[in-house]
Amino acid sequence: MNTLLKLIVAGNLLLSASLNVAAQQNESTVLKMEQERENKFSFGGYGQLDYNQRVSSSTSYAGKLDPHRFVLFMGYQFAPKIHLISELEVEHGDELYLEQAYLNVRLNKEIQFRGGVMLIPMGLTNEFHEPTTFNGVERPSIANILIPTTWREMGVGVHGRFDAMALSYQAYVFTGFNGYDTQARLTGKDAFRKGRQKALNSYITSPNFSTKVNYYGINNLNIGLAGYFGKSQSKMFDKLDKDSQAAQISADSSVIDIAMIGLDAQYKLQGFELRGEYIHTFIGNTEQYNSFKNQRNDLGSQMQGWYLEASYDLFHSKYKGEKRLIPFVRYENYNTHQKVSGIEKNPNYHFTELFFGLGYAPANGVMLKADYQLKRNPHNSDLNENWINCGIAFTL
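Residues numbered from 1 in each chain as written. Predicted model: local features only at pLDDT ≥ 70, side-chain atom pairs only at ≥ 80, totals over all residues. Heavy atoms only, no water.

## What about the overall build of the protein?
Step number 1: Assigned secondary structure in the protein consists of six helices and 18 strands.
Step number 2: In terms of overall dimensions, the protein is globule-like: its C-alpha atoms have a radius of gyration of 22 Å, near the 21 Å expected for 396 residues.
Step number 3: Each principal axis of the C-alpha atoms in the protein carries an extent, and together these give about 70 × 60 × 45 Å.
Step number 4: For the protein, buried positions account for 48% of its 396 residues.
Step number 5: In the structure as shown, the protein presents an accessible area of about 18500 Å², 57% of it carried by carbon and sulfur atoms. (Helix = DSSP H or I, 4+ residues; strand = E, 2+ residues; numbered from the N terminus. Rg over C-alpha atoms; globule rule 2.2 N^0.38 Å. Buried < 20%, exposed > 50% of the residue type's maximum accessible area, 1.4 Å probe, protein only. Areas by Shrake-Rupley, 256 points an atom, 1.4 Å probe, with all protein chains shown as cover.)

Written out as structure tokens, the structure is:
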């Protein structure tokens, strides 16, 4: 009860400070395609080029230049209300991924069906991760650590919006994280990131449920509440002898239960913007999972993180969004060992981060970025790092 109480209180504090939900970008694309019925194809894309340099008063570090990602979007209209949405991504110049590929069937504004490779609706960044839509060179850290952005899997479900109630919703069934194949894939250090299947020859042993509700009934304010519930996947269930109780017990020990809750929020007023996000994940069966086949794993039983960000467009009054100059500040706090079961809590998994940055958009769809990042561990100063990050971002 204490944990749930803390979750509710923290959520209320976040919501009272600043709350968000971005508009449905892919839904907007679908609506545009419906209006332009003579043009069955729709094309687009985005890209991000990064420079990252760790800085220190006592040590010299080499900088890193990276063509972080280049993504091509293609949509196709099979019928007035049946559309294909797809994205093909090249990461770091040599890794090719299918980021999205799903069919959207629109009965009406309130009910639409979707199936294929889709993004899990959790947080502000996972669904809306184009580099011109967020401040800073890199995505917020909790969107990589606690929410393994870009988080996509094979799934099917329904979504829609009720404008009279100022609500939109999503509800999907997905395949889950690859928790165990020949070894444990989920750890305290990397959380769920190395368990993403990314729809690459993915397998399913237990379906997972993902849902999100957005409220946009207050001027300039959007609020999102998301949940992800289910179990990790395990190859131990493949060719499992159903008559063997020992085999069933062994397979059950290779699986964790996951309940992830996310609150996100955004407030915009003229050139001023506040963004906030809170993620809390409850993980069950970690004691058995960590000791399965004597692997000595260290996955925590709870993970938690949040951030608050403030920004202001200095060009808002003059250029009305055609050009933008946006200083921002963001504070993050996250811990993949918020709580543990059967193992010792590792204080090296708790970090705070402070970002000061500036973004300049000379035209719509182009953003030049720079920020200074202070990463701190409250328990171990040897893990403290300072970074200078610069980048070029574009959206077609």
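## Re the confidence of the model for the protein
Step number 1: Mean pLDDT over the protein stands at 91; residues scoring 70 or higher make up 90%.
Step number 2: Considering only residues more than four positions removed or in separate chains, one finds that residues 1-24, a stretch of pLDDT under 50, has 57 contacts. (pLDDT = per-residue confidence, 0-100. Contact = heavy atoms within 4.5 Å.)

## Topic: the pattern of salt bridges
Step number 1: A full pass over the atoms with the stated rule returns 12 salt bridges.
Step number 2: The partner of R185 in a salt bridge is D181, and the shortest N-O contact between them spans 3.0 Å.
Step number 3: Residue D264 pairs with K212 through a salt bridge whose shortest N-O separation is 2.9 Å. Of this pair, D264 sits in strand 12 (residues 257-269) while K212 sits in strand 9 (residues 208-218), placing them 52 residues apart in sequence.
Step number 4: By relative accessible area, K212 is classed as buried at 3%.
Step number 5: Ionic contacts of the salt-bridge type, sharing partners, join the residues E273, R275, E309, R330 and E332 into one network. (Salt bridge = Lys/Arg side-chain N within 4 Å of Asp/Glu carboxyl O.)

## As for the pairing of strand 18 (residues 385-395)
Step number 1: Both strand 1 (residues 41-55) and strand 18 contribute to a ladder of 10 bridges, which runs antiparallel. Bridged to R54 within strand 18 is W387.
Step number 2: Pairing of strand 17 (residues 366-376) with strand 18, which is carried by 10 bridges, proceeds in the antiparallel orientation. Each residue of the ladder has a partner; that of L368, found in strand 18, is I392. (Pairing = 2+ DSSP bridges.)

## Section: unusual backbone geometry
Step number 1: Note that the residue after T149, namely T150, is joined by a cis bond; omega there is 0 degrees.
Step number 2: Structurally, the position occupied by T150 is in the loop between helix 3 (142-145) and strand 6 (152-162).
Step number 3: Backbone geometry at H92 places phi at a positive 55 degrees, although glycine is not the residue there.
Step number 4: Along the chain, H92 turns up in the loop between strand 3 (82-91) and strand 4 (95-106).
Step number 5: H92 sits in the partly exposed class, given a relative accessible area of 32%.
Step number 6: The phi angle at R296 is positive, at roughly 55 degrees, despite the residue not being glycine.

## What to know about the environment of A166
Step number 1: As for its placement among the helices and strands, A166 is situated in the loop between strand 6 and strand 7 (167-174).
Step number 2: The class for A166 is buried, based on a relative accessible area of 10%.
Step number 3: Between the alpha carbons of A166 and Y215 there is a distance of 5.7 Å; along the sequence they are 49 residues apart.

## Here we look at the layout of surface pockets
Step number 1: Put simply, the largest pocket is a space of about 1200 Å³.
Step number 2: Surrounding the largest pocket, 36 residues form its lining, S141, N144, I145, R193 and K375 being those nearest its centre.
Step number 3: Every element with two or more residues in the lining of the largest pocket is listed here: strand 1, strand 2 (64-79), strand 4, helix 3, strand 15 (324-339), strand 16 (350-363), strand 17 and strand 18.
Step number 4: Here the lining of the largest pocket takes four residues from strand 2, the largest share from any one element. (1 Å grid on protein atoms, 1.4 Å probe; cavity = no way out; pocket = protein on both sides within 12 Å on 5 of 7 lines; lining within 4 Å. Points joined across faces, edges and corners; volume = space filled by probe spheres on them.)

## Describing the nonpolar core
Step number 1: If you look at the biggest cluster of nonpolar residues, it comprises 31 residues, and the most contacted ones within it are M122, W151, F192, Y228 and I256.
Step number 2: Mapped onto this core, the elements with two or more residues apiece are strand 7, strand 10 (221-231), strand 12, strand 13 (272-284) and strand 14 (302-312).
Step number 3: Each residue touching I256, except ones within four places of it in the same chain, is listed here: L186, F192, G230, K231, S232, I283, G284, N285, Y289 and L299. (Core = buried A, V, L, I, M, F, W, Y, C linked by side-chain atoms within 4.5 Å.)

## A look at the environment of Y360
Step number 1: Tracing the backbone through its elements, the reader meets Y360 in strand 16.
Step number 2: Y360 sits in the partly exposed class, given a relative accessible area of 30%.
Step number 3: Once residues lying within four places of it in the same chain are set aside, the contact partners of Y360 are F315, R324, L325, V366, M367 and L368.

## Brief notes about the side chain of E309
Step number 1: Along the chain, E309 falls in strand 14.
Step number 2: Engagement of the side chain of E309 in a polar contact is seen with the side chain of R330, the distance being 2.9 Å.
Step number 3: Other than its neighbours up to four places away in sequence, E309 contacts N135, E273, L274, R275, F328, V329 and R330. (Polar contact = N/O pair within 3.5 Å; in protein donor to acceptor, adjacent residues only side chain to side chain.)

## Focus on the environment of F356
Step number 1: Structurally, the position occupied by F356 is in strand 16.
Step number 2: Classification of F356 by relative accessible area gives partly exposed; the value is 43%.
Step number 3: Considering only alpha carbons, one finds F356 and D371, 15 residues apart in sequence, at a separation of 5.4 Å.

## Focus on the packing of aromatic side chains
Step number 1: The final tally for this structure, using the stated rule, is 15 aromatic pairs.
Step number 2: A ring pair is formed by W151 and F177, whose centres lie 5.1 Å apart and whose planes are at 15 degrees; its orientation type is stacked. Placement of the pair is W151 in the loop between helix 3 and strand 6 and F177 in the loop between strand 7 and strand 8 (178-180), with a sequence separation of 26 residues. Across this residue pair, the class does not change: W151 and F177 are buried.
Step number 3: In textbook terms, an aromatic cluster arises when at least three aromatic residues are bridged by ring pairs, as seen for F41, F43, Y76 and F78.
Step number 4: The ring centre of Y203 lies 4.7 Å from the NZ or CZ of K235, which sits over that ring. (Phe/Tyr/Trp six-rings, centres within 6.5 Å; stacked < 30°, edge-to-face > 60°. Lys NZ or Arg CZ within 6 Å of the ring centre and 35° of its normal.)

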